[in-house]
Amino acid sequence: MRHLSRQPLAVAPPETPELTLPLTLLFAFAVGVIIINLTAAQPLAGPVARSLHIPPTWTGLVAMLPQLGYAVGMLFLVPLADLFENRRLTVATLVACALALGLAAVAPRAGWLLLAVGVAGATSCAIQILVPLAAAMARPDERGSAVGNVMSGVMLGILLSRPFASLVEGAWGWRACYGVLGAADALLALMLWFALPVRRPSAHVSYRALIASLGALWRSEVVLRRYAISAAIVMAAFSAFWTGIALRLVQAPFALDSRSLAWFALAGVAGTVVAPLAGKAGDRGYGVMGMPVAHVVVSLGVALAGVAGAGWFGLDISRHAHLALALLVVAAIVIDAGAIGDQTLGRRAVNMLDPAARSRLNGLFVGVFFIGGGAGAVAAGSAWAIAGWSGVCVLCLAFCALAFAGDLYACRRPVAVA
């Protein structure tokens, strides 16, 4: 199976056209819309559970099943992009996603809703068909910038999804939110059908062999392991922060309501400007150096969040509530910028590997990445229960320490990155 990950290194199939600015913008817009399917469910879990009489012990499934479905899609659907024509596969996957979201919008019972959101999560893996396609269309010396620009859309979608879901649910109910997302995916499928180029992968193997090759890829590609694990650790810190901050901001002295929380979440959007910059840094050979820099940035943001939210170093939050809130906004931007930088550099490195296995490599990278995010969110709940906001910040710093340990290990055993 090892030969599956060592195909001849052609940059892209001959018929793949060059990536233009309009196509780059379309890719970024598309992945930004699709990613909302996964993260918008978190603020909808409570309203959905109340409406469909889901027991409290099962309420978390509303938010968890899209993530679980996405992981399943990473393993079993994304590898098809190394086997079948990419445009047709992307559009078919998005149409299935739109239908699943439509079912969620009209689901009469909890079982139908949970099935629908699980399928919608699995078919949202169209993101990981589009990102490798964009990388394949880009010139090798601009691949990092291309991946960074497209990934700006992913991070923008993640950051906008919670305020979007909260505002739509507050105005028209949770069913409207799923309906809007389904309509958006259907319209997007139509746009991509006419805009995307035809790209036929060079692999000619069975689906079974393709899936079996995932383990061989993970074992053989040191660069993949290095950057995927780093991205998972940083994503754990990112998820822990955003899970805990919602709990902190509803407490005194901030006492924000749901609409104010939505506006706070928008602050993190400013961090997306780092993605193209990180991509360019990778293209110029600063990828290895950029990783510890990104980790320093995340650590500084977490420390600032501890000062502003828990009164570290003597800040009196009750007397300076407005200053503390402003500092938390800055901390959110800084943490997002560091996490986006780490992820963009990692994606750039992974997309410089074997073009014949690019979709599988991206699927593995993102699968590990999302495992880290889920672990961070779960750990944040425990840290909050034990020590409140200080506990969450200490947890985030612990994740940053793990990321730095990875940097030190990589320095001692350097890997070649194009």
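Note on numbering: residues in each chain are counted from 1, in written sequence order. The predicted origin of the model limits local features to residues at a pLDDT of at least 70 and limits the giving and counting of side-chain atom pairs to 80 or more, whereas totals for whole chains, interfaces and linings rest on all residues. Processing note: side-chain calculations cover all non-hydrogen atoms of the structure and skip hydrogens and water entirely.

(A) View of the environment of Leu 345. Of note, Leu 345 is situated in helix H14 (residues 321–351). Residue Leu 345 is classed as buried on the basis of its relative accessible area of 6%. Taking the C-alpha atoms as reference points, Leu 345 and Ala 281, separated by 64 residues in sequence, lie 8.2 Å from one another. What counts as a helix is a DSSP run of H or I of at least four residues, what counts as a strand is a run of E of at least two, and both are numbered from the N terminus. Between buried and exposed lies partly exposed: a residue is buried under 20% and exposed over 50% of the maximum accessible area for its type, with that area taken using a 1.4 Å probe on protein chains only.

(B) The arrangement of the environment of Trp 242 in detail. With respect to the helices and strands, the residue Trp 242 is situated in helix H10 (residues 222–249). Among the residues examined, Trp 242 registers a relative accessible area of 10% and is labelled buried. For the pair Trp 242 and Ala 332, spaced 90 residues apart in sequence, the C-alpha to C-alpha distance is 8.3 Å.

(C) Structural detail: the nonpolar core. Here the nonpolar core consists of buried residues drawn from Ala, Val, Leu, Ile, Met, Phe, Trp, Tyr and Cys, with membership extended through side-chain atoms lying within 4.5 Å. Residues Phe 27, Val 48, Leu 113, Tyr 178, Leu 192, Phe 241 and Trp 242 are the most contacted members of the largest nonpolar core, which totals 126 residues. By residue number, the principal contributor to this core is helix H15 (residues 358–412), which donates 17 residues. Contacts are assigned to residue pairs that have any heavy atoms within 4.5 Å of one another. Once residues lying within four places of it in the same chain are set aside, the contact partners of Phe 241 are Ala 305, Ala 332, Ile 335, Trp 389 and Cys 396.

(D) Quick peek at the side chain of Arg 87. Its place among the elements puts Arg 87 in helix H4 (residues 86–106). Of the side chains with opposite charge, Glu 85 lies nearest to the buried Arg 87, which makes no salt bridge, at 4.6 Å. From its side chain, Arg 87 meets the backbone oxygen of Trp 193 in a polar contact 2.9 Å long. Excluding residues within four positions of it along the chain, Arg 87 makes contact with Leu 192, Trp 193, Leu 196, Pro 197 and Val 198. Here Asp and Glu are counted as negative and Lys and Arg as positive; His is not counted, and neither are the chain ends. Every case where a carboxyl oxygen of Asp or Glu lies within 4 Å of a side-chain nitrogen of Lys or Arg is listed as a salt bridge. The definition of a polar contact used here is a pair of N or O atoms within 3.5 Å, where within protein one atom must be able to donate a hydrogen and the other to accept one, and adjacent residues in sequence count solely through side-chain atom pairs.

(E) Seen up close, the state of the cysteines. Two cysteine sulfurs form what is called a disulfide whenever their separation falls within 2.5 Å. Tallied over the entire structure, the rule returns zero disulfides. Distance from the sulfur of Cys 177, which forms no disulfide, to the nearest cysteine sulfur (Cys 97) is 13 Å. Looking at the unpaired Cys 396, the closest cysteine sulfur is the one in Cys 393, lying at 6.2 Å. Residue classification places Cys 396 among the buried positions, given a relative accessible area of 2%.

(F) Molecular detail of unusual backbone geometry. Following Ala 252, the chain continues into Pro 253 via a peptide bond in cis, with omega recorded as 5°. One non-glycine residue, His 53, lies in positive phi territory at about 60°. Inspection of the secondary structure puts His 53 in the loop between helix H2 (41–52) and helix H3 (61–76). With phi around 60°, Phe 313 is a residue other than glycine that occupies positive phi space. Following the sequence through the fold, Phe 313 ends up in the loop between helix H13 (287–310) and H14. On the basis of relative accessible area, Phe 313 is assigned to the exposed category, the value being 77%.

(G) Structural context of the packing of helix H6 (residues 127–137) against helix H7 (residues 143–172). One can describe the packing of H6 onto H7 by two numbers: an axis separation of 8 Å at closest approach and a directional angle of 155°. Put simply, H6 runs roughly antiparallel to H7. Crossing of H6 over H7 shows right-handed handedness. Where H6 abuts H7, its residues Ile 127, Val 131, Ala 134, Ala 135 and Ala 136 lie against Arg 143, Val 147, Val 150, Met 151 and Val 154. Per-class residue counts for the contact of H6 with H7 are nine nonpolar, no polar and one charged. To obtain an axis, a line is fitted to C-alpha atoms, over the contacting stretch when the element is a helix, and the angle between two such axes runs from 0 to 180 degrees between their N-to-C directions. Reported orientations rely on four angle classes, namely roughly parallel under 35 degrees, roughly antiparallel over 145, roughly perpendicular from 65 to 115, and oblique for the rest. Crossing handedness is read from the near helix: turned anticlockwise from the far helix by less than a right angle, it gives a left-handed crossing, and turned clockwise, a right-handed one. Following the grouping adopted for this structure description, the nonpolar residues are Ala, Val, Leu, Ile, Met, Phe, Trp, Tyr, Cys and Pro, the charged ones are Asp, Glu, Lys and Arg, and the polar ones are all others, Gly among them.

Keep in mind these values describe shape, not function.
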